[in-house]
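Spelled out, the chains give:
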Amino acid sequence: GPSTWHDLRLLVVPLLVVLVPLAWGWEPDPATLALLVVGYAATGVFEELWYRGVVLRSALPLGAARGAALSAVLFGAAHLSNIAFGASPAVTAAQAVGSAAGGFGYAVLRQRTDALWLLAALHGLGDLLLHTTGIHGAAMWGVLVGHDVALFVWGLVCLRGLRRDRDDRSEGTALRSATEHDVTG
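Starting afresh in each chain, residues are numbered from 1 along the sequence in its written order. Selection of residues for local features in this predicted model requires a pLDDT of at least 70, selection of side-chain atom pairs for listing and counting requires 80 or more, and totals for whole chains, interfaces and linings are taken over all residues. Neither water nor hydrogens contribute to the side-chain values; these are computed over all heavy atoms in the structure.

Focus on the pattern of salt bridges
- Every case where a carboxyl oxygen of Asp or Glu lies within 4 Å of a side-chain nitrogen of Lys or Arg is listed as a salt bridge. This model, assessed by the stated rule, comprises four salt bridges.
- Two residues, Arg 9 and Asp 7, come together in a salt bridge whose shortest N-O distance is 2.9 Å.
- Judged by its relative accessible area of 56%, Arg 9 is exposed.
- One salt bridge connects Asp 114 with Arg 110, and the closest N-O pair in it is separated by 2.5 Å. Exposure is judged per residue with a 1.4 Å probe applied to protein chains only, and the accessible area is read against the type maximum: over 50% gives exposed, under 20% gives buried, and values in between give partly exposed.

Put into structure tokens, the structure is as follows:
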């Protein structure tokens, strides 16, 4: 919970990236807005608890960078299942690569901030804004690619500070397990 969060200023970059679709105006359909809010909030919570909570925690014995990379690759690979629901293989492959890139940034931010719930909120808000703004076509693709590249690069930047953070805090308090703290805190 909030008592363990730190370095929250690092979340300003992902927040700004998430808000980019608002440049195309906010055009929610009142008939489906509540459903979209609930759906994307649930997706953000589930994916962050699982990939930046449980999976990342399990991968941390590999080290901060390798753990972030492994959780990101698994997050990206999970999106390949969209082919089973009729999505284009090329679009799905692009989504998997983009999700892995963005997932790496979120995994590093998870380690730097310990703010899993804020990452879940950013994740859900980002998905929601992509579907309730006036962004479409090539502009949407540009924003999606820009979002994933920005999060990946920000993750690399923040990774440098992670080593300093780990020296300043004990290993046991740097990252709480999803079952011990994140779900209840």
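Structure's up, so let's keep going.
A few points about the packing of helix α2 (residues 33-59) against helix α3 (residues 64-78)
- It is at 9 Å that the axes of α2 and α3 come closest, and there the two elements cross at 140 degrees. Classed by the angle they form, the pair α2 and α3 counts as oblique. Classified by chirality, the crossing of α3 by α2 is right-handed. Packed against α2, whose contacting residues are Glu 47, Tyr 51, Arg 52, Val 55, Leu 56 and Ala 59, the element α3 presents Gly 67, Ala 68, Leu 70, Ser 71, Leu 74, Phe 75 and Ala 78 at the interface.
- Each residue gets one of three labels, nonpolar for Ala, Val, Leu, Ile, Met, Phe, Trp, Tyr, Cys and Pro, charged for Asp, Glu, Lys and Arg, and polar for the others, Gly among them. Here the contact of α2 with α3 is built from residues that sort into nine nonpolar, two polar and two charged. Comment: axis = line fitted to C-alpha atoms, over the contacting stretch for helices; angle = value between 0 and 180 degrees taken between N-to-C directions. In DSSP terms, a helix is any run of H or I states spanning at least four residues, a strand is any run of E spanning at least two, and both are numbered starting from the N terminus. For classification purposes, an angle smaller than 35 degrees is called roughly parallel, one larger than 145 roughly antiparallel, one from 65 to 115 roughly perpendicular, and anything else oblique. Should the near helix be turned anticlockwise from the far one by less than a right angle, the crossing is termed left-handed; should it be turned clockwise, right-handed. Contacts: residue pairs with any heavy atoms within 4.5 Å of one another.

Some remarks on the environment of Glu 47
- Counting through the fold element by element, Glu 47 comes out in helix α2.
- By relative accessible area, which is 14% here, Glu 47 ends up buried.
- In sequence terms Glu 47 and Phe 75 are 28 residues apart; their C-alpha atoms lie 8.2 Å from each other.
- Ignoring any residue separated from it by four or fewer positions in sequence, one finds Glu 47 in contact with Arg 52, Phe 75, His 79 and His 123.
- Only 2.9 Å separates the side chain of Glu 47 from the side chain of His 123, close enough to count as a polar contact. Under this definition, polar contacts are N or O atom pairs within 3.5 Å; protein pairs additionally need one hydrogen-donor-capable and one acceptor-capable atom, and for neighbouring residues in sequence, both atoms have to be side-chain atoms.

Structural notes on the nonpolar core
- Within the largest apolar cluster, 21 residues are counted, with the highest numbers of intra-cluster contacts made by Leu 11, Phe 104, Tyr 106, Val 108, Leu 109, Leu 119 and Cys 158.
- Contributions of two or more residues to this core are made by α3, α4 (89-113), α5 (116-132) and α6 (137-168).
- Beyond its immediate stretch of four places on either side in the chain, Leu 119 contacts Leu 11, Glu 48, Tyr 106, Leu 109 and Arg 110. Residue types Ala, Val, Leu, Ile, Met, Phe, Trp, Tyr and Cys, when buried and joined through side-chain atoms within 4.5 Å, form a set referred to as a nonpolar core.

Brief notes about the layout of surface pockets
- Here the largest pocket is characterised by a volume of approximately 810 Å³.
- Using a 1 Å grid laid over the protein atoms alone, points where a 1.4 Å probe fits but cannot get out form a cavity; open sets with protein on both sides within 12 Å along at least 5 of 7 lines form a pocket; any residue with an atom within 4 Å of a point counts as lining. Forming the boundary of the largest pocket are 35 residues, of which Gln 95, Ser 99, Asp 127, Leu 130 and Leu 144 lie nearest the centre.
- For the lining of the largest pocket, the secondary-structure elements that each account for two or more residues are α1 (12-19), α2, α4, α5 and α6.
- Sort the elements by how many residues they give to the lining of the largest pocket and α4 lands first, with nine residues.
- For the lining of the largest pocket, the class distribution of residues is 17 nonpolar, 13 polar and five charged. Grid points are joined across faces, edges and corners, and a volume is the space filled by probe spheres set on the points.

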